[in-house]
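One-letter residues, chain by chain:
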Amino acid sequence: MAKLVVEVLDAGDLMPKDGLGSASPFVEVDFDDQRHRTQTRTKDLNPQWNENLVFDIKDPIQLPDQTIDVVVYNDSKVGHHKNFLGRVRISGASVPSSESEAMVQRYPLDKRGLFSRIKGDIALKVYSVHGQFGPPNGQIHADAKEAPPPPPPLQDINFNSNSSSDFSTNISRKLDHDDEGESKKKNKKKEKEVRTFYSVGKGPAPAPAAPKPANVEARADFAQAGPANVMHMQFPVPGMKPPEFGLVETRPPVAARMRYRGGDKTASTYDLVEQMHYLYVNVVKARNLPVMDISGSLDPYVEVKLGNYKGVTKHLEKNQNPVWNKVFAFSKQNLQSNVIEVTVKDRDIGKDDLVGWVLFDVAEVPLRLPPDSPLAPQWYKLENKKRDRVQGEIMLSVWIGTQADEAFPEAWHSDAHDVSQHNLANTRSKVYFSPKLYYLRVHVIEAQDLVPSDKSRPPETFVRIQLGHQTRVTRLSPVKHVNPTWNDELMFVASEPLEELMIISVEDRVGPGKDEVLGRLLISVRDIPPRLDSYKFPDPRWYNLHKPAFAEEDSGKKKEAKFSSKLHLRLWLDAGYHVLDESTHFSSDLQPSAKQLRKPSIGILELGILSARNLLPMKSKDGGSTDAYCVAKYGNKWVRTRTLLNTMNPQWNEQYTWEVHDPCTVITIGVFDNWHINGSREDARDLRIGKVRIRLSTLETDRIYTHYYPLVVLQPSGLKKHGELHLALRFTCTAWMNMVAQYSRPLLPKMHYVQPIPVRHIDWLRHQAMQIVATRLSRSEPPLRRETVEYMLDVDYHMWSLRRSKANFHRIMSLLSGISAVCRWFHDVCTWKNPVTTCLVHVLFLILVCYPELILPTIFLYLFVIGLWNYRFRPRHPPHMDARLSQSENANPDELDEEFDSFPTSRPPDLVRMRYDRLRSVAGRIQSVTADLATQGERALAILSWRDPRATAIVIIISLIWAVILYVTPFQVIAVLLGLYLMRHPRFRSRMPSVPVNFFKRLPSKSDMLL
């Protein structure tokens, strides 16, 4: 007898149905009144089954007319109830006749009805096997005697066994068990149904068997699994979302959670991170130190030692009363001694001399917690190694505190004990602020009395303006005269403290690539007036142009010019705009530049950077190491944690706070590997480890989110996971009414809508703003390096990427899937696929036609009910980087190489030519789609344009007839007749296209007019 085999491999991105953000899915397959199911995978939205379900094909001839129903359910385990997760219907006509012809395919899960909430897909491999499955006649009893005992449930069947009787015996046992289960179900409906299922074995392919009769050879393809099919069973199907790219919820022992259970209530400042205790030693100064050298001088420095950890201050030359003001922090969990040694030494050419020391017992050190005031330092007498007092005193303070201590950011840390003094600043935690940016507009109106060098030729003039590294040029003047006009407006990005000079020059286009400067002007940005409102522009001014030679003379030799050319300009700083320095889709700040135009804050965002785990080694030295630090950006505030050296599982436990002005903003957290510790080149670049974005509007107020976020980086070699970042997040609202009102206000300030920036300027201005921010932050100490800032701001986000284009295409298709689902549901209603649903729709339709005043209330009530119902399935986790949505899991290496290519390209010409041809192919498809859309639109316009006189005559005559009919017939009658006609029974339908469709497709378009 022929068999149908359905291999259920896995599913991905299923809809959570258990009310806890997860599901326990299993699969049921129905075919020809036979039903089998897989195991249940508990709490898994990306389950893997790898099970085979075998069915009897009673009549192979009728297989193309049959349907295989594959349904995914959630096993609720309460009252024998199961939730619908999606289904797939496979036509028997598409089933191959052998396993060698079958391929693994991913099917999107379909909805059961209009109200179903379904997403995800399932990987299946379906094929049929024809031939004799049992052993030859005369061997049944012998094989039955030698058959092994019945296998337990869910045991694998070895399809690669040399004995054909083993397989037939297992199949017969399975079918007998299914029949027994069906009989039990009929007799006892309340008894739980028990079935046994089997999966394909993964053993090696068998050796060639002895020759067999022809009727046995027909099943060899099914009985002997080839190596290629084993590979499909062992590896996940491409496109499935790997579980390691998902979030992992945690319950760390932070004070914000512990206090609700009566825990520690003192640590309120750092309540989103775990407390880390440090032993602090504050070395302030010394006095009356003795002279140690023969020359009568002293070069003192202090050495603080605790076990194997040793920190030193700078040595001060020839100073008997030195001042250091240096704080040392030793991690309490790594204490290696009970005694703190604070030693004063004299720097010498050979061995440093001991001046004196002070010893402290760690057990006697006091504990200090904020908001206590800082511990007052005290004077301590110096002693020698014999515990005798010597000349000199040192001022110290020693205490045990936490990372909330104000001395923590600037302190020397024991985990950076081998870092030089020069590079120590690169390991500290800091807070940075982006410079305030403005849009600078220059309206170039006209010029007068220009003096070209060649007066026999009419000048072709333009204006070049340079501000820092930004250079813009106006168009050539349409008036070729010494009094040209341009009336052109240029935009720049200026930053505080507005110290730059703007260089404006009027130039003459003498020849190709050759320009002559006719006059030059220098204007300080500080002298340009700001503009706050959109109604009043500043008055234009006439400026004197200086000749280039005169402008370059020394200021002491300048003489007042009796004659000068004039330039008419209008200059102003637009303070009512928000300068876009990051992509609008995930912007963290939407406030205008002017402080007086900004709205008050609506809440507070608190971020706890706890730790990271399983980081990959980013340096190859010493067998691989990583010196990781975190950077977080929200608004104009940047924070940087301290660098933890040579650890794959760093624990920062640092907390930061931001004011929130708009909930529809995004915070970005990045992790980097520090390459500026010891012995690194100055031009070395910090490597990216990963990045996390979190949109504040997706967070519940006053809820603490603690998760491990995957650190995923897309590289030219492909997608790579570098570890996981542990974050704690809390958004607290302080003004509920203002926050709700924000949803009714425009996203950007008023000026962006009253006087929008031209589209051609936006990307260029954004790039310039990013460069200004990166340059300014890279000059800080310690610097927030350019590569770090560019990665956080996604400088290359707007560059061409075929992978990103595919991702956006799939986003559009998923958006249109809801509309297509409604269309399919309406088609099912019109074709009477489910008579009960169609009848109910008819009743609802007649009610709404008879009572049209119920249409809008019904729609809004439906939206309310759906929203209330979806509250059960609301997301319980904040969003994160989705590798599957980004189309980065299976990206082609050449596409990634193109994405990471520089601009302009640096690849060889042959490769660029190949990519250009590929881009032409993609653009050709887009061109075909746009041409089809244009054709349909032109056909619609051609209905009454008399391009086709017969078609237009038909339309206007029919329109007149319908106008008379609609005038004399009540609207409700027309609506009822039209609705009943659209939902008529399939018996009254034809497979041919309808008359309006045929008429519309015959209308002319302009496609035949194209060259």
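Shown above is the structure to which this text applies.
Residues numbered from 1 in each chain as written. Predicted model: local features only at pLDDT ≥ 70, side-chain atom pairs only at ≥ 80, totals over all residues. Heavy atoms only, no water.

(A) Expanded view of the overall build of the protein. Scanning the protein from terminus to terminus reveals 19 helices and 36 strands. Sequence separation of at least 24 residues holds for 70% of the intrachain contacts in the protein that already meet a minimum separation of 6. For the protein, the exposed surface amounts to about 54,800 Å²; the carbon and sulfur share of it is 56%. (Helix = DSSP H or I, 4+ residues; strand = E, 2+ residues; numbered from the N terminus. Contact = heavy atoms within 4.5 Å. Areas by Shrake-Rupley, 256 points an atom, 1.4 Å probe, with all protein chains shown as cover.)

(B) Highlighting unusual backbone geometry. Here the amide bond leading from E496 into P497 is cis, since omega sits at 15°, within 30 degrees of zero. Position of P497 relative to the elements: it lies in the loop between strand 23 (485-495) and strand 24 (501-511). Omega for the peptide link from E781 to P782 comes to 0°, which places this bond in the cis form. Located in the positive-phi region is K318, a residue other than glycine, with phi close to 50°.

(C) Quick peek at empty space enclosed by the protein. By the definition in use, this model includes four cavities of 30 Å³ or more. A volume near 50 Å³ is recorded for the second largest cavity. Here the lining of the second largest cavity is composed, by residue class, of four nonpolar, three polar and three charged. (1 Å grid on protein atoms, 1.4 Å probe; cavity = no way out; pocket = protein on both sides within 12 Å on 5 of 7 lines; lining within 4 Å. Points joined across faces, edges and corners; volume = space filled by probe spheres on them. Nonpolar A, V, L, I, M, F, W, Y, C, P; charged D, E, K, R; others polar.)

(D) Local environment of helix 17 (residues 949-968). For helix 17, with 20 residues, the first-to-last C-alpha span of 29 Å sits near the 28 Å given by 1.5 Å per residue. Residues A951, T952 and V955 constitute the buried set of helix 17. For helix 17, the buried positions fall inside an angular range of 90° around the axis, keeping them on one side. Pointing more than 90 degrees away from the buried face of helix 17 are the exposed residues R950, I957, L960 and V968. Of the surrounding elements, those touching the buried residues of helix 17 are helix 19 (995-1001). (Expected span 1.5 Å × (residues − 1). Buried < 20%, exposed > 50% of the residue type's maximum accessible area, 1.4 Å probe, protein only. Arc of directions from axis to C-beta.)

(E) Structural view of the packing of aromatic side chains. If you walk through the whole model with that rule in mind, you get 16 aromatic pairs. Ring geometry for Y278 against Y280: centres 6.3 Å apart, planes inclined by 45°, an arrangement best described as tilted. Across the pair, Y280 and Y278 agree in class, each one buried. An aromatic cluster is defined as three or more aromatic residues linked by ring pairs; in this entry it consists of Y278, Y280, W399 and F408. Over the ring of W658 we find K637; its NZ or CZ atom is 5.5 Å from the centre of that ring. Here the guanidinium or amino end of R693 rests over the ring plane of F586, the centre of that ring lying 3.9 Å away. (Phe/Tyr/Trp six-rings, centres within 6.5 Å; stacked < 30°, edge-to-face > 60°. Lys NZ or Arg CZ within 6 Å of the ring centre and 35° of its normal.)

(F) Seen up close, the sheet that holds strand 31 (residues 637-640). Taken in spatial order, the five strands of this open sheet run 19-31-30-33-34, and their pairing is antiparallel. The sheet is open, and its two borders are formed by strand 19 (430-433) and strand 34 (687-695), each paired with just one other strand. Neighbour-to-neighbour, the strand axes of the sheet open up by a mean angle of 15°, direction not taken into account. Pairing between strand 30 (residues 628-634) and strand 31: four bridges, direction antiparallel. Residue pairing in the sheet places K633 in a bridge with W638 of strand 31. (Pairing = 2+ DSSP bridges. Axes fitted to C-alpha atoms, helices over the stretch in contact; angles between N-to-C directions.)

(G) Examining the sheet that holds strand 3 (residues 34-37) more closely. The sheet built from four strands is open, its strands ordered 3-2-5-6 with antiparallel pairing. Strands with a single pairing partner mark the edges of an open sheet, and in this sheet they are strand 3 and strand 6 (82-91). Each adjacent strand pair in this sheet contributes to an overall mean axis angle of 20°, direction not counted. Where strand 5 (residues 67-75) lies against strand 6, nine bridges are found, and the strand directions are antiparallel.

(H) Representation of the packing of helix 12 (residues 802-830) against helix 13 (residues 835-850). Remark: helix 12 packs on helix 13, axes separated minimally by 8 Å, with the N-to-C direction vectors making an angle of 95°. Between helix 12 and helix 13, the angle falls in the class roughly perpendicular. Between helix 12, through W825, D828 and V829, and helix 13, the contact on the second element is made entirely by T837, T838 and V841. (Parallel < 35°, antiparallel > 145°, perpendicular 65-115°, else oblique.)

(I) Expanded view of the side chain of T665. Relative to the assigned elements, T665 resides in the loop between strand 32 (651-660) and strand 33 (666-673). Residue T665 is classed as buried on the basis of its relative accessible area of 1%. Among the polar contacts listed, one links the side chain of T665 to the side chain of Y634, at a separation of 2.6 Å. In contact with T665, other than residues within four places in its own chain, are S587, S588, D589, L590, Y634, I694, R695 and L696. (Polar contact = N/O pair within 3.5 Å; in protein donor to acceptor, adjacent residues only side chain to side chain.)

(J) Broad picture of helix 12. Counted at 1.5 Å a residue, the expected span for helix 12 with its 29 residues is 42 Å, and the 40 Å between its end C-alpha atoms agrees. The largest bend in helix 12 comes to about 30°, at S817. Among all positions in helix 12, only L802, R803, R804, A807, A821, V829 and C830 are buried. Structurally, helix 12 contributes buried residues whose contacts are with strand 35 (704-715), helix 13, helix 15 (893-899), helix 16 (909-941) and helix 18 (971-982). Within two residues after helix 12, W832 carries a phi angle of roughly 55°, on the positive side. (Bend = angle between axes of the 7 residues up to and from the residue.)

(K) Expanded view of the pairing of strand 19. On strand 19, burial follows the alternation: K430 and Y432 on one face are buried, whereas V431 and F433 on the facing-out side are not. The pairing of strand 19 with strand 31 spans four bridges and is classified as antiparallel. Bridging from a neighbouring strand, F433 pairs with K637 of strand 31.

(L) Spatial organisation of the side chain of H578. Structurally, H578 is set in the loop between strand 28 (565-574) and strand 29 (603-613). Given the relative accessible area of 5%, H578 is considered buried. One polar contact links the side chain of H578 to the main-chain carbonyl oxygen of Q591, over a distance of 2.8 Å. Apart from residues lying up to four places away in sequence, H578 is in contact with Y439, S587, D589, L590, Q591, P592, P749 and H752.

(M) Broad picture of the pattern of salt bridges. Going through the model one piece at a time under the given rule, you end up with 54 salt bridges. Across the pair E303 and K345 runs a salt bridge whose closest N-O atoms are separated by 3.5 Å. Highlighted residues: E303 in strand 11 (residues 300-306) and K345 in strand 14 (residues 339-346), separated in sequence by 42 residues. With respect to class, E303 is no different from K345; both count as buried. In this structure, the salt-bridge partner of E606 is R730, at a minimum N-O distance of 2.9 Å. In this pair, E606 sits in strand 29 while R730 sits in strand 36 (residues 718-733), placing the two residues 124 residues apart along the sequence. (Salt bridge = Lys/Arg side-chain N within 4 Å of Asp/Glu carboxyl O.)

(N) Quick peek at the pairing of strand 21 (residues 461-467). The element strand 21 is extensively covered by neighbouring structure, given that five of its seven residues are classed as buried. Here strand 21 runs beside strand 24; their pairing, made up of seven bridges, is antiparallel. Across the sheet, residue L467 finds its bridge partner in strand 24, namely M502. The sheet contact formed by strand 21 and strand 22 (residues 470-473) spans four bridges and is antiparallel. Bridging from a neighbouring strand, Q466 pairs with T471 of strand 22. Two successive antiparallel strands, strand 21 and strand 22, enclose a turn made up of two residues, where G468 displays a positive phi of approximately 65°.

(O) Quick look at the nonpolar core. Core analysis: the largest hydrophobic core is formed by 34 residues, its most contacted members being L607, W652, W658, I667, I694, L725 and L727. Going through the elements one at a time, strand 29, strand 30, strand 32, strand 33, strand 34, strand 35 and strand 36 are the ones with two or more residues in this core. Per-element accounting of this core gives the leading share, five residues, to strand 36. (Core = buried A, V, L, I, M, F, W, Y, C linked by side-chain atoms within 4.5 Å.)

(P) Summary view of the packing of helix 13 against helix 18. It is at 10 Å that the axes of helix 13 and helix 18 come closest, and there the two elements cross at 165°. As judged from the angle between their axes, helix 13 and helix 18 are roughly antiparallel. Judged by the twist between their axes, the crossing of helix 13 over helix 18 is right-handed. Contacts between helix 13 and helix 18 pair H842, F845, L846, V849 and C850 from the former with Q972, A975, V976, G979 and L980 from the latter. Here the residues of the contact of helix 13 with helix 18 sort into seven nonpolar, three polar and no charged. (Left-handed = near helix turned anticlockwise from the far one by under 90°.)

In short, shape yes, function no, at least from these values alone.
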